[in-house]
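# Chains, contacts and geometry: an overview
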Amino acid sequence: MKALLCREFGPEANMKVEEIDTPELKPGHVLVDVKAGGLNFPDLLCVRGQYQFKPELPFVPGTEGAGVIRELGEGVDGFAVGDRVMFNTPTGAFAAEAVLPAPALTKIPDSMPFEAAAGLTIVYGTSYHALKQRAELKPGQTLLVLGAAGGVGLATVELGKAMGAKVIAAASSDEKLAVCKEHGADELINYSTEDLKARIKELTGGKGVDVIYDPVGGEYTEAAFRGIAFGGKHLVIGFAAGDIPKLPLNLPLLKVASVVGVFWGAWAGAMPHEHRKNMQELFDMFEAGKIKPYVAGTYKIEDFLDAFNSLSGRKAIGKVVLVP
């Protein structure tokens with residue numbers, strides 16, 4: 001089968017598209033013809049050897065995808081050949097075929113394109129878990145989304161609106177913010193040209209924001225936190241800016257605010273029933289038109305470097321997808 005292969009940790013340019021053997025179909029596993037694979041920031045870190053999980057070399061990168069079941073392994077129930085599914089996996093999505101444990105698969109609605117499904121598991125799964133279980137976001141609250149035009153950011157803008165919040169989208173360009181507005185953002189902040197803390201204060205009448213969704217880190221974390229409301233929650237999602245910020249602890253003390261970690265993968269593994277419930281609720285929102293996964297670019301697997309560069313250069317608006 002055709003696959004993107006990482007033979008050594010380092011720059012993405014070191015990878016190559018190669019012909020390799022289809023993985024062996026084991027009991028309890030399913031063989032999927034992959035139609036699309038979603039590219040995420042952890043994929044970049046994994047290829048560079050900088051992620052918390054280091055796969056054994058060589059490996060096929062890619063942590064999420066969608067496709068059609070071709071074959072079932074011994075003992076698999078609840079699925080059939082021909083089912084349209086999406087999946088989450090430590091590695092293996094950027095290939096023409098993938099062998100996955102059956103619990104890693106979720107059937108998708110017939111109305112959902114494979115490209116959208118390939119970009120839904122991680123970004124919407126992470127964002128919905130963050131807002132629902134970790135922030136306990138309530139209708140009428142104010143939600144600030146940093147990096148709002150990225151994959152998880154845009155998903156959070158949509159979900160925040162679907163959950164009844166007032167959504168303030170913050171991003172680095174007017175072009176990105178225009179997309180956020182199209183996806184439901186009530187207010188916009190360009191933190192390349194505006195003072196983030198001052199603009200938060202202005203947009204909230206001095207009250208501050210109830211929930212901050214932060215996948216960016218770097219210099220924006222403290223500036224955003226200084227605009228948090230009394231008793232607010234700052235969700236730590238990731239560090240796309242590259243630097244892990246150091247937050248002065250007198251700030252959460254004075255604001256009686258919480259810094260809340262969000263590790264969706266660990267939670268989904270520990271709470272599979274709740275995770276499945278979340279995914280079904282996301283499907284319901286999709287079919288009701290409340291969320292519309294936005295694919296920024298679809299790249300052939302041979303053009304993987306362009307896809308990776310669009311993400312690492314923070315040029316992508318929405319989700320980046322690779323197709324075999």
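Look up a bit, the structure's there.
So, here's what we can say about the structure. Chains are numbered independently. Their residues run from 1 in the order of the written sequence. Only residues with pLDDT of at least 70 get local features here, since the model is predicted, and only at 80 or more are side-chain atom pairs given and counted; chain-wide, interface and lining totals rely on the full set of residues. To obtain the side-chain values, all non-hydrogen atoms of the structure were included, while hydrogens and water were left out.

### A few points about the side chain of T89
- Here a strand is any run of E in DSSP of at least two residues, a helix any run of H or I of at least four, and the numbering for each starts at the N terminus. Here T89 is to be found in the loop between β5 (84-88) and β6 (97-101).
- Only protein chains enter the accessibility calculation, which uses a 1.4 Å probe. A residue is then buried if its area is under 20% of the maximum for its type, exposed if over 50%, and partly exposed in between. The exposure class assigned to T89 is buried, which follows from its relative accessible area of 11%.
- N or O atoms closer than or at 3.5 Å make up a polar contact, with two conditions inside protein: a donor-capable atom paired with an acceptor-capable one, and, for residues adjacent in sequence, both atoms drawn from side chains. A polar contact is formed between the side chain of T89 and the backbone oxygen of T91, at a distance of 2.8 Å.
- By the convention used here, residues are in contact when the closest approach between their heavy atoms is within 4.5 Å. When near neighbours in sequence (up to four residues on either side) are disregarded, T89 contacts G62, T63 and L100.

### With respect to the pairing of strand β9 (residues 166-171)
- Counting buried positions along β9 yields 5 of 6 residues, so the element is predominantly enclosed.
- Think of it this way: DSSP has to see at least two bridges between two strands before they count as a pair. Where strand β8 (residues 142-145) and β9 come together, 4 bridges link them in parallel fashion. Considered in β9, the bridge of V145 is made with A169.
- Handedness of the crossover joining β8 and β9 through helix α4 (residues 151-162): right-handed.
- As defined by bridge partners, β9 adjoins strand β10 (residues 187-190) across 4 bridges and the pair is classed as parallel. Each bridged residue has a counterpart across the sheet, and for A171 the counterpart in β10 is N190.
- Handedness of the β-α-β unit built from β9, helix α5 (residues 174-182) and β10 comes out right-handed. Clockwise travel from the first strand over the helix to the second, with the strands pointing away from the viewer, marks a crossover as right-handed.

### Observations regarding the nonpolar core
- Joining through side-chain atoms within 4.5 Å is the link that ties buried Ala, Val, Leu, Ile, Met, Phe, Trp, Tyr and Cys residues into a set, and such a set is a nonpolar core. Of all hydrophobic cores here, the largest spans 50 residues; its most connected members are L143, Y213, L235 and L282.
- When residues no more than four places from it in sequence are discounted, the contact partners of Y213 are T126, S127, A130, L131, L143, L144, V145, L146, V152, T156, L235 and I237.
- Core analysis: the second largest hydrophobic core is formed by 35 residues, V76, I301, F304 and V320 among them.

### Structural notes on the pairing of β5
- Here β5 lies mainly inside the structure; 4 of its 5 residues are buried.
- Note that strand β4 (residues 64-72) and β5 share 5 bridges and pair antiparallel. Across the sheet, G65 pairs through a bridge with F87, a residue of β5.
- Two strands pair when backbone bridges link them, and β5 and strand β7 (residues 105-107) are joined in this way by 3 bridges, in the antiparallel orientation. Across the sheet, M86 pairs through a bridge with T106, a residue of β7.

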